[in-house]
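# Examination of the molecular architecture
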Amino acid sequence: MKRYVIDTAALASNAAIIRERAGVPVIAVLKADGYGMGIIKEAEILREAGMDFFAVTEPEEALTLREHGFLTQSILVMRSTAAEDEITKIAAANAIFTVGSPEALEALTAFCTQTNTTVQAHVKLDTGMGRYGFLPTQYDQLRRVYECRPQITVTGIYTHFHSSFGNAKETERQFRALTAVMDRLRADGIEPGIGHAANSSGLFCYDQKYTLDAVRIGSAFTGRIHAPEAGLQRIGYMESQVIEVRTVPKGHPVGYGAGYITRRPTEIAVVPVGYIDGFSVEKRRDLYRFRDLLRYVLDEVRSFLGKGKIFVRVNGKRARVLGHVGLCHVSLDVTGMGIRPGDRAVLEVNPLYVNPNVEKHYI
Ligand SMILES: *Cc1c(COP(=O)(O)O)cnc(C)c1O
């Protein structure tokens, strides 16, 4: 038995904290299956919490929301695309387009002409992410999007921070680049629509400095961002059970590569959760800064020396993982803890990395 448990009350509490903190409308980012929490369930909880503006990256995600009864909410597809199949889907979902290049604009106006439709769009400005968006130097091309009425009605403009979790200077520069374009549009007699820039760390690391007219929040709903004071709860854990308890002698290897050798007769509990399920796969991520790289290398060295410690809670007590985490199993040291087969095991796993085949259980 294993399942991934999501506490809906905790998610609702995070949503309330985010709303309060933002003080402006929250565009709830539900990409990647709601950061692994389940897009529909998360959307339901957030709707209950009073949110009616969602954002996704895949056109299909917008369609999925519509199919599940989210008919009146605004849905922004945060992808500038010149691909006709994607444009067709975004229009079918009656979602808000992102236009971030002359090519995307051309493809969208061609679509509108061919199908005799009108659409809503937000303009994307690339202030340093290098993914989607007009460059600030492409102001004239950007302005053209606003001149495509009635086919395209622009109701917003946004940019995406590349380092709001750690680089205040760059974040400030990016923000100013966006507001400068908005000011210029206004000076040209064009209403830019709602401006939005802040993602989770853009909101939680800088108070309300970058909230503008709306914020786009994703990971903060999972509570898994660095904002110790905010009161966000970490959402999600893997729940399983001990299926086998055995005692092996001193000097016995445990796991692939004999990553651990017992130093005494050891009681081992086996829990059927491994990295295929998403357990212990996330340390490799987030190497953004040099200090992250150092931490990572140190962790790897310690793990190689058998000194890295990962724990699982069994019956509420901490039990150490012995050796390497296996594909489908972990072996735990439960010596003297009185652990029996059937005892409950709780494993820390970020919902983003949970294998979609694992059943989600909402409490
Ligand atoms: C993912 C994403 C967000 C949300 O970012 P978080 O840091 O998870 O809150 C906002 N905007 C864009 C364009 C994104 O791709």
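Report follows, based on the coordinates. (Residues numbered from 1 in each chain as written. Predicted model: local features only at pLDDT ≥ 70, side-chain atom pairs only at ≥ 80, totals over all residues. Heavy atoms only, no water.)

From N to C terminus, the protein chain includes 10 helices and 19 strands. Seen along its three principal axes, the alpha-carbon backbone of the protein chain occupies a region of about 80 × 40 × 35 Å. Buried positions account for 48% of the 363 residues belonging to the protein chain. Of the roughly 17,400 Å² of accessible surface on the protein chain, 51% is carried by carbon and sulfur atoms. The averaged location of the 40 negative side-chain charges in the protein chain is 9 Å from the averaged location of its 44 positive side-chain charges. (Helix = DSSP H or I, 4+ residues; strand = E, 2+ residues; numbered from the N terminus. Buried < 20%, exposed > 50% of the residue type's maximum accessible area, 1.4 Å probe, protein only. Areas by Shrake-Rupley, 256 points an atom, 1.4 Å probe, with all protein chains shown as cover. Lys, Arg positive; Asp, Glu negative; His and termini not counted. Charge placed at Lys NZ, Arg CZ, Asp CG, Glu CD.)

Taken as a class, soluble globular proteins show a tendency for nonpolar side chains to be buried jointly. One finds L65, F221 and L332 to be the most contacted residues of the largest nonpolar core, which totals 91 residues. Those residues in contact with F221 that sit more than four places away from it in its chain are L11, N14, A15, I18, V26, A28, M37, E42, L46, M51 and I235. V29, Y35, M78 and A214 belong to the second-largest nonpolar core, a separate cluster that totals 10 residues. (Core = buried A, V, L, I, M, F, W, Y, C linked by side-chain atoms within 4.5 Å. Contact = heavy atoms within 4.5 Å.)

Our next topic: the packing of aromatic side chains. In total, this model carries 4 aromatic pairs according to the counting rule given. With 5.6 Å between their ring centres and 65 degrees between their planes, F161 and Y210 make a pair best called edge-to-face. Here Y210 lies in the loop between α9 (200-204) and β9 (215-217) and F161 lies in the loop between β7 (152-158) and α8 (168-187), a separation of 49 residues in the sequence. Of the two residues, F161 and Y210, both sit in the buried class. An aromatic cluster is defined as three or more aromatic residues linked by ring pairs; in this entry it consists of F161, F175, Y206 and Y210. Positioned above the aromatic ring of Y362, the side-chain terminus of K41 is 5.2 Å from the ring centre. (Phe/Tyr/Trp six-rings, centres within 6.5 Å; stacked < 30°, edge-to-face > 60°. Lys NZ or Arg CZ within 6 Å of the ring centre and 35° of its normal.)

Within the structure shown, the criterion is met by 17 salt bridges. Close ionic contact of R186 with D183 constitutes a salt bridge, the shortest N to O distance being 3.6 Å. Of this pair, R186 and D183 both sit in helix α8, 3 residues apart, which is roughly one turn of that helix. With a relative accessible area of 43%, R186 lands in the partly exposed category. R234 serves as the salt-bridge partner of E348, at 2.8 Å between the closest nitrogen and oxygen. One end of the pair, E348, is in the loop between β18 (344-347) and β19 (360-362); the other, R234, is in the loop between β9 and β10 (237-241), and 114 residues separate them in sequence. When salt bridges with common partners are traced through the structure, they connect R3, E239 and R344 into a single cluster. (Salt bridge = Lys/Arg side-chain N within 4 Å of Asp/Glu carboxyl O.)

Turning next to the sheet that holds strand β8 (residues 194-196). Pairing is parallel in the open sheet, where 8 strands are placed in the order β8-β7-β6-β5-β4-β3-β2-β9. Strands at the two margins of the open sheet, each flanked by one partner only, are β8 and β9. Strand-to-strand, the axes of this sheet are offset by a mean angle of 30 degrees, without reference to chain direction. Pairing geometry for strand β2 (residues 26-29) and β9, over 3 bridges, is parallel. When the bridges of β9 are listed, I27 appears paired with R216. Contacts between helix α7 (residues 139-146) and the sheet are confined to β5 (96-99), β6 (119-124) and β7, with β7 contributing the most and set at about 135 degrees to the helix. (Pairing = 2+ DSSP bridges. Axes fitted to C-alpha atoms, helices over the stretch in contact; angles between N-to-C directions.)

If you check the shell around the ligand, you find V29, K31, Y35, M78, R131, H160, N199, S200, R216, I217, G218 and S219 and nothing else. Here an oxygen atom of the ligand and a side-chain polar atom of K31 are 2.8 Å apart. A distance of 2.8 Å separates a nitrogen atom of the ligand from a polar side-chain atom of R216. Protein contacts shield 91% of the accessible area of the ligand, which totals 390 Å² for the unbound molecule. Taken together, the residues that form the shell around the ligand break down as 4 nonpolar, 5 polar and 3 charged. (Near = heavy atom within 4 Å. Polar contact = N/O pair within 3.5 Å; in protein donor to acceptor, adjacent residues only side chain to side chain. Nonpolar A, V, L, I, M, F, W, Y, C, P; charged D, E, K, R; others polar.)

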